[in-house]
Amino acid sequence: MQSRLRVQGHPIQPMLVTFPLGLFVSAAVFDLTDVIGGPAFLGEVGYWTGVAALFAAAMTAVAGMVDLWDVPVDGTRRTAIAFNLVNAAMAGLFLVTCLVRAHSPDRGATVAILATELVALTAGGMGVHLGARLMRQFDTGRTDTGSLDTLAGGTVEVARPRP
């Protein structure tokens, strides 16, 4: 099975999912530093990093929904749905923390916010596991793009996957 959205024969969504996950981890690290007594501005940096991660998660979710359209109704579809739901849960928890902090004047982190972010990152870890399983299933139909000559032409494909 192949993804509908590809770059050089590789599915786009697994590439995109690294951005929100990395930004969510960075936000949690900034917030941890703020909670344990680091400079106060790190709490605000953590907040804005979380906001950026939410935008990246929204783009990733769109790519995931496009891919889900062509997933066959079997174990692969269940894995894809679970992957998207776990990532949505992670983003939802971070959305809650960002909404709580949006009304705070300094947008600093608290222990409760940090705990919520750590729960969200635990869900993200489960998403990584599901994503790895899904990639093994998606990778079976990947096209070979082994030469640099393929970079000269159109590299982004939006095509109907082969059955």
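Details of the structure are given in the entry above.
Residues numbered from 1 in each chain as written. Predicted model: local features only at pLDDT ≥ 70, side-chain atom pairs only at ≥ 80, totals over all residues. Heavy atoms only, no water.

(A) Spotlight on the overall build of the chain. When you go through the chain residue by residue, the secondary structure sums to 5 helices and 3 strands. Mapped from its N terminus to its C terminus, the chain presents α and β elements in the order β-β-α-α-α-α-α-β. In the chain, which comprises 163 residues, the proportion classed as buried is 38%. Across the chain, the fraction of contacts at a sequence separation of at least 24, relative to all contacts at a separation of at least 6, is 77%. (Helix = DSSP H or I, 4+ residues; strand = E, 2+ residues; numbered from the N terminus. Buried < 20%, exposed > 50% of the residue type's maximum accessible area, 1.4 Å probe, protein only. Contact = heavy atoms within 4.5 Å.)

(B) Summary view of the side chain of Glu-117. Tracing the backbone shows Glu-117 in helix α5 (residues 111-138). With residues near it in sequence (within four places) discarded, Glu-117 still touches Ala-27, Ala-28, Asp-31, Phe-94, Thr-97 and Arg-101.

(C) Expanded view of the packing of helix α3 (residues 41-68) against helix α4 (residues 75-102). Interaxial distance between α3 and α4 falls to 9 Å at its minimum, and their mutual angle equals 155°. As summarised for this structure, α3 and α4 are arranged roughly antiparallel, according to the angle between their axes. Taken as a pair, α3 and α4 cross one another with a handedness that is left-handed. Contact residues: Gly-43, Gly-46, Tyr-47, Gly-50, Val-51, Leu-54, Ala-57, Gly-64, Met-65 and Leu-68 in α3; Arg-77, Ala-80, Ile-81, Asn-84, Ala-91, Phe-94, Leu-95, Cys-98, Arg-101 and Ala-102 in α4. (Axes fitted to C-alpha atoms, helices over the stretch in contact; angles between N-to-C directions. Parallel < 35°, antiparallel > 145°, perpendicular 65-115°, else oblique. Left-handed = near helix turned anticlockwise from the far one by under 90°.)

(D) Highlighting the nonpolar core. Ranked by internal contacts, the top residues of the largest apolar core, which has 14 residues, are Phe-24, Leu-54, Met-90, Ala-91, Phe-94, Cys-98 and Leu-121. Of all the elements, α3 adds the most residues to this core, at 5 residues. In this structure, Leu-54 is in contact with Phe-24, Ala-91, Phe-94, Leu-95 and Cys-98, ignoring residues within four places of it in sequence. The next biggest cluster of nonpolar side chains, apart from the first, holds 9 residues, and it includes Val-17, Val-71, Ala-80 and Ala-123. (Core = buried A, V, L, I, M, F, W, Y, C linked by side-chain atoms within 4.5 Å.)

(E) Fine view of unusual backbone geometry. Of note in the backbone geometry, Arg-107 takes a positive phi value of approximately 55° without being a glycine. Mapping Arg-107 onto the fold places it in the loop between α4 and α5.

(F) Summary view of helix α2 (residues 18-35). Over its 18 residues, α2 extends 25 Å from the first C-alpha to the last, a length consistent with the 26 Å expected when each residue adds 1.5 Å. Taken together, the buried positions of α2 are Pro-20, Phe-24, Ala-27, Ala-28, Asp-31 and Asp-34. For α2, the arc enclosing every buried residue in end-on projection is 120°, short of the 170-degree limit, so these residues lie on one face. (Expected span 1.5 Å × (residues − 1). Arc of directions from axis to C-beta.)

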